[in-house]
Each structure stands twice: as structure tokens, then as C-alpha cells.
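# Analysis of the macromolecular model
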Amino acid sequence: MELKDTGLPGLFVLTPPRFGDDRGFFAETYNQAKLAEHGITTAFVQDNHSLSAEIGTIRGLHFQAPPRAQDKLVRCGRGCLFDVAVDIRKGSPTFGQWFGIELTFENGRQLLIPAGFAHGFVTREARTEIVYKCSDFYAPETEGAVAWNDPDIGIDWGLSGDPILSAKDAAAGVLADLDSPFIYEATS
């Protein structure tokens, strides 16, 4: 498995190899032992699968607060999405910075997002599916969000029109008003 650093501490792009022939391909999308060789020891407990019907659907920027914070391993099951993670850890040298990457069924890339990042995506094809693993169970009482269009973060979503949003995402506040429940802890 290829692992690339994103420049934001703890956030990685993973690309599993695909083995193909005229029938299609096989890819091992998660292997706990192989990730442990890279120092990644996250234990995942829940898989999620979401379909967005329309191009320009934004979901996010979401997080779960401690003690139910989640690491996520995100990939595209069908279609194309632009996946984004924003560092919201107090004291982080990259606080408020974002990283975005196009995830498609074809490229097979995945984004490993540690707790302490807000996560969101925009669909670039109709009927796009996102599939992701979580290190803790869904706990709605710990949910939080940051506005997708926070001008201080400045994410370039690549939109050509207005996004399709949930009421919750449309009402999310800006990072400057968030008392982040996450504290950055440097690793050696």
C-alpha cells in the first residue's frame, strides 16, 4: 500500500495496489497489519456508505467530539468526489488549514483522517457513493460542524453553481467561533 503525507500531521493519502486482468481487478482496501507497519494502529468499528444523487452536493464539514471522536478511512465507491479535511486541533501548527483530494472509483485513493479534523466532500458526478470506516460508533450528541464556506479556511470546492446542502450544513458556524474540543499532541 502506498502511503503519502499530506503536510498536515496525521493526515495521509493511501493508495492500495490493484491487481487486474480482463475480468476486472482486486484491491485490498484495508489491512490492519500493513498500516501498523507505517505506525497507523487505528481500530475501526463501523463502516458507512452514503449516496449523493446530484453533482454539487456538499456534506460537511463534520466531526464527532471526544470522547466519541472518530478517525476515518474514506474512499469513493462509485463516481467522483472532492474530499476535504480541515485541522481543528488547538495548538496544531496547521490549525485551520485544509487538504483536499479527488477520490474516484477509478483512482482507488483513500484519505485517512485522524480525529481532530473536520471532514467534508463535494460530489463531482451524479450518484456518487462514499464509503468510509470509523474508529468509533455514531454518537449524534457529540456531532459538530464547521461552515463549508468559512472564508478564513478558504476551501476551493471547484463549484460551478450553488451547492446542495442539508439544513444542518447550511447553518454551521465558522471555525473562529468554535471552541474546539481537540488538542494537538505532537508525535515523535
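The present account deals with the structure reproduced in this document. (Residues numbered from 1 in each chain as written. Predicted model: local features only at pLDDT ≥ 70, side-chain atom pairs only at ≥ 80, totals over all residues. Heavy atoms only, no water.)

It is worth spelling out the overall build of the protein at this point. Helix and strand content of the protein: 2 helices and 13 strands. For 188 residues, the compact-globule estimate of 2.2 N^0.38 gives 16 Å, and the protein sits close to it at 16 Å. C-alpha atoms of the protein, sized along the principal axes, occupy 55 × 45 × 30 Å. When the 188 residues of the protein are sorted by exposure, 46% land in the buried category. A separation of at least 24 residues holds for 80% of the contacts in the protein among residues at least 6 apart in sequence. Of the accessible surface of the protein, which amounts to about 9,600 Å², a share of 50% is contributed by carbon and sulfur atoms. (Helix = DSSP H or I, 4+ residues; strand = E, 2+ residues; numbered from the N terminus. Rg over C-alpha atoms; globule rule 2.2 N^0.38 Å. Buried < 20%, exposed > 50% of the residue type's maximum accessible area, 1.4 Å probe, protein only. Contact = heavy atoms within 4.5 Å. Areas by Shrake-Rupley, 256 points an atom, 1.4 Å probe, with all protein chains shown as cover.)

With respect to the element layout, Gln-64 can be found in strand S6 (residues 58–64). You can call Gln-64 buried: its relative accessible area is 5%. A distance of 2.8 Å separates a polar side-chain atom of Gln-64 from the backbone oxygen of Arg-68. A distance of 2.9 Å separates a polar side-chain atom of Gln-64 from the backbone nitrogen of Ala-139. Excluding anything up to four places from it in sequence, Gln-64 contacts Ala-69, Gln-70, Phe-137, Tyr-138, Ala-139, Thr-142 and Phe-182. (Polar contact = N/O pair within 3.5 Å; in protein donor to acceptor, adjacent residues only side chain to side chain.)

All chains considered together, the criterion is met by 4 aromatic pairs. For the ring pair Phe-82 and Trp-98, a centre distance of 6.4 Å and an interplane angle of 80° mean the geometry is edge-to-face. Here the residue Phe-82 occupies a position in strand S8 (residues 80–87), and Trp-98 occupies one in strand S9 (residues 98–104), the gap between them amounting to 16 residues. Given the relative accessible area of 9%, Phe-82 is considered buried. (Phe/Tyr/Trp six-rings, centres within 6.5 Å; stacked < 30°, edge-to-face > 60°.)

In this section: the pattern of salt bridges. Counted according to the given criterion, the structure contains 10 salt bridges. Here Glu-2 and Lys-4 are joined by a salt bridge, their closest N and O atoms 3.4 Å apart. Since its relative accessible area comes to 47%, Lys-4 is described here as partly exposed. (Salt bridge = Lys/Arg side-chain N within 4 Å of Asp/Glu carboxyl O.)

Inspection of every chain in the model, using the stated rule, returns 1 cavity of 30 Å³ or more. Along the walls of the largest cavity sit Phe-63, Gln-64, Gln-70, Lys-72, Ile-113, Ala-115, Gly-116, Phe-117, His-119 and Phe-182, which together make up its complete lining. Those elements that place two or more of their residues in the lining of the largest cavity are S6 and strand S11 (117–123). Here the lining of the largest cavity is composed, by residue class, of 5 nonpolar, 4 polar and 1 charged. (1 Å grid on protein atoms, 1.4 Å probe; cavity = no way out; pocket = protein on both sides within 12 Å on 5 of 7 lines; lining within 4 Å. Points joined across faces, edges and corners; volume = space filled by probe spheres on them. Nonpolar A, V, L, I, M, F, W, Y, C, P; charged D, E, K, R; others polar.)

Keep in mind these values describe shape, not function.
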